[in-house]
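Breakdown of the fold
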Amino acid sequence: MSRLSWPAAWTAAGAVAAALLAANIAAPPVLATSVAYAASASTGEPTPQPTGSPGSPGTDTTPPTAPGEVRACPPPLPTGGTPQGVVGLCWTASTDDVGVTGYEIYRLNPDGFVKATSPTSTVSVVSGLTIGRAYTFYIVAKDAAGNTSRPTAPFSSTAVTGMYVSPSPGTGDTTPPTRPTGMQANCLPDFKGTSFCWTSSTDDVGVTGYDVYRRTDTAWIPVGTPIGTHFTEGNLVTGQSYVYFMVAQDAAGNLSLPSDLVTTTASGGYPTYSPPPVSCEIEYTAWSWSGGFSANVKITNLGQTPMNNWTLRFVLPDAGQKVASGWSATWSQSGKDVTAAAMPWNSVIQGGASLQIGFNGTLTGANPDPTGFTLNGGTCIRG
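Attention in this report is confined to the structure presented alongside it. Keep in mind that what you see is a predicted model, and the values were worked out from it rather than measured. (Residues numbered from 1 in each chain as written. Predicted model: local features only at pLDDT ≥ 70, side-chain atom pairs only at ≥ 80, totals over all residues. Heavy atoms only, no water.)

1. Some details on the side chain of Ser 195
Using the following cut-off: Numbering goes from the N terminus for both helices and strands, where a helix is a DSSP run of H or I of at least four residues and a strand is a run of E of at least two. Polar contact is the term for a pair of N or O atoms within 3.5 Å; when the atoms are in protein, one must be able to donate a hydrogen and the other to accept it, and sequence-neighboring residues count only if both atoms are side-chain atoms. Only heavy atoms matter for contacts: two residues are in contact if any of them lie within 4.5 Å across the pair.
Relative to the helices and strands, Ser 195 is located in strand S10 (residues 194-199). At 3.1 Å, the side chain of Ser 195 forms a polar contact with the backbone nitrogen of Leu 188. In this structure, Ser 195 is in contact with Gln 184, Ala 185, Asn 186, Cys 187, Leu 188, Phe 231, Thr 232 and Thr 264, ignoring residues within four places of it in sequence.

Dropping the structure here:
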């Protein structure tokens, strides 16, 4: 049989031409309406692990390489009847240590990715689409042992006229939201896990939310449906990188084009604050007169070990309360903060033991009790 050239082969052979496309077209032109997102081999994602079942020595557990250079291909021209919507896809073949047996193409729907077709060559036509609407896909390779390659990056293309039957054009709201942009990785560093933020999409009616997908070794899986402009995911390995993309959705189920890929590193989050342990008990007794007051402070070491060279700190709430003189400690004041440091003869408070100190003060208003007692940095409770 003589060699046919495209597009004459498509028109003459009809559906059979789909099988000839791979043999007769070395590099099909890319549709002007397609939007491609090139797969990246340097996203920081861990090396894919085998997906086959473990077995005896010699069992094939090595997955194929990911399909490369996904692009839109001209679909077959209609042979008659009403033109319908299809997308033609081509890609660079995967490789495998034993042999690639085929591919699986997944199409993004409002509820997630679903398998669209399972071709055995590097060209395929996806039917059942609406002319003029953009659709998003990813592709994986398979080998005879059932190992699955890493998925390609999401690829979007607009359905054009083809020979396959597809649903009638939709009615009502058929305008998708705009594509999410401004992807910013690790924007919430205090969260334990991954996080990223973005600039909100817009829609002629209204954006109802976003669908977030994370790449695994064999697929893009749904991991969240945020309604705001940030996303977090916990229960991940701290320090490991993860790759995501997202789409916006409206109330009619229209999906935007996918965002750029974003690579985030799972954070351990900020350390949880732990207050200092209670180390002492304070009994504070004061009596006042016009323009002045005296206070007695009993300190009890609640710990089991001696408190050496102790320093007591507290706050006098009223700005008019001033320490004038004191006993059994070296007293000082800065603003409302008061410090009482040990004397040489009482510098050690044994575990469970107490001692008493005190001071005289002046005041110009009220005389409320101090707050925030600490002993050598440890919190004191009031007795």
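Following the structure, the description resumes.
2. Some remarks on the environment of Ala 93
Let me state the cut-off plainly: Any residue under 20% of the maximum accessible area for its type is buried, any over 50% is exposed, and the rest in between are partly exposed; the area is computed with a 1.4 Å probe on protein chains only.
By the element assignment, Ala 93 lies in the loop between strand S2 (84-92) and strand S3 (100-109). Given a relative accessible area of 47%, Ala 93 falls into the partly exposed group. Among all residues touching Ala 93, those that are not within four sequence positions of it are Tyr 103 and Thr 122.

3. Focus on the state of the cysteines
What counts, and what does not: In this description, a disulfide is simply a cysteine sulfur pair whose atoms lie within 2.5 Å.
Going through the model one piece at a time under the given rule, you end up with 3 disulfides. Here Cys 280 pairs with Cys 380 through a disulfide, and the sulfurs are 1.5 Å apart. Residues Cys 280 and Cys 380 are joined by a disulfide whose S-S torsion is about -70°; by sign, that bridge is left-handed. Within this pair, whereas Cys 280 is found in strand S16 (residues 278-289), its partner Cys 380 is found in strand S26 (residues 378-382), the two being separated by 100 residues in sequence. Given a relative accessible area of 0%, Cys 280 falls into the buried group. In the protein, the bonded cysteines, taken in the order they occur along the sequence, pair up as 1-2, 3-4, 5-6.

4. A closer look at the packing of aromatic side chains
Where we set the bar: A pair of aromatic rings is counted whenever rings of Phe, Tyr or Trp (Trp by its six-membered ring) have centres within 6.5 Å, and the orientation is called stacked for planes under 30 degrees apart, edge-to-face for over 60 and tilted otherwise.
One pass over the structure, following the stated rule, counts 18 aromatic pairs. Plain terms: the ring middles of Phe 113 and Phe 245 are 6.2 Å apart, the flat faces sit at 70° to each other, and that makes the pair edge-to-face. Within this pair, whereas Phe 113 is found in strand S4 (residues 112-117), its partner Phe 245 is found in strand S14 (residues 241-250), the two being separated by 132 residues in sequence. The class of Phe 113 is buried, set by a relative accessible area of 16%. By relative accessible area, which is 0% here, Phe 245 ends up buried. Between Trp 331 and Phe 359, the aromatic rings sit 5.0 Å apart at their centres with planes inclined by 45°, giving tilted as the arrangement. One end of the pair, Trp 331, is in strand S21 (residues 330-334); the other, Phe 359, is in strand S24 (residues 354-362), with 28 residues separating them in the sequence. A connected cluster of aromatic rings, assembled from ring pairs, spans Tyr 106, Phe 113, Tyr 138, Tyr 213, Trp 220 and Phe 245.

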